[in-house]
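Chain by chain, the residues:
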Amino acid sequence: PARMGRENLFRGLLFCDCCGHPLALSRKKLKDREVDIYLCTHHNRRPDECPKTHIIYHDVLYPYVLEQIRALARSMKRRKVNSPICQYVEIKELTPEILREVVRRISVAHVQRNAKSSRVIQIHWRPL
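Presented here is a report on the structure given in the accompanying data block.

About the criteria used
- Residues numbered from 1 in each chain as written.
- Predicted model: local features only at pLDDT ≥ 70, side-chain atom pairs only at ≥ 80, totals over all residues.
- Heavy atoms only, no water.
- Phe/Tyr/Trp six-rings, centres within 6.5 Å; stacked < 30°, edge-to-face > 60°.
- Helix = DSSP H or I, 4+ residues; strand = E, 2+ residues; numbered from the N terminus.
- Buried < 20%, exposed > 50% of the residue type's maximum accessible area, 1.4 Å probe, protein only.
- Lys NZ or Arg CZ within 6 Å of the ring centre and 35° of its normal.
- Contact = heavy atoms within 4.5 Å.
- Polar contact = N/O pair within 3.5 Å; in protein donor to acceptor, adjacent residues only side chain to side chain.

In this section: the packing of aromatic side chains. Tallied over the full model, the rule gives 1 aromatic pair. Relative to Tyr38, the ring of Phe10 has its centre 5.7 Å away and its plane inclined at 85 degrees; by these criteria the two rings are edge-to-face. Placement of the pair is Phe10 in the segment before β1 (14–16) and Tyr38 in strand β3 (residues 34–39), with a sequence separation of 28 residues. Note on Tyr38: relative accessible area 1%, which makes it buried. When the ring centre of Phe15 is taken as reference, the NZ or CZ atom of Arg105 above it lies at 4.1 Å.

Quick look at the environment of Glu34 now. Looking at the secondary structure, you find Glu34 in strand β3. Glu34 gets classed as partly exposed once you look at its relative accessible area, which sits at 38%. C-alpha separation for the pair Glu34 and Leu9, spaced 25 residues apart in sequence, amounts to 18 Å. With residues up to four places along the chain from it excluded, the contact list for Glu34 reads Arg27, Lys28 and Lys29. One polar contact links Glu34 to Arg27, side chain to side chain, over a distance of 3.1 Å.

And the structure:
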């Protein structure tokens with residue numbers, strides 16, 4: 001965070017499904033702007049061990065994880081499960097504290113569908 005000047009919200013939670021290494025926060029330059037991305041740096045060092053470039057944009061990951069936490073909270077509340085997760089039904093933003101309490105691990109994987117490769121985000125929840 002000191003080098004990049006910003007916090008890596010998903011530090012210690014986001015992993016490559018191929019090799020199991022953590023995804024690192026990086027910056028990508030587009031034509032009109034710069035965006036934050038998470039990528040598997042092990043792929044660059046050892047492509048024989050990690051054949052896929054598991055890259056995911058922060059602008060894709062963040063809203064997906066936020067909505068999944070809200071959906072889990074709504075489900076728990078609707079089923080009247082006594083869990084601290086129920087308090088996150090209306091959260092507006094993710095914080096490191098919320099992520100650490102609810103999420104154990106997030107994996108980014110590739111799957112083949114109709115001869116096309118696509119990314120899959122798998123959230124592994126902490127025990128309730």
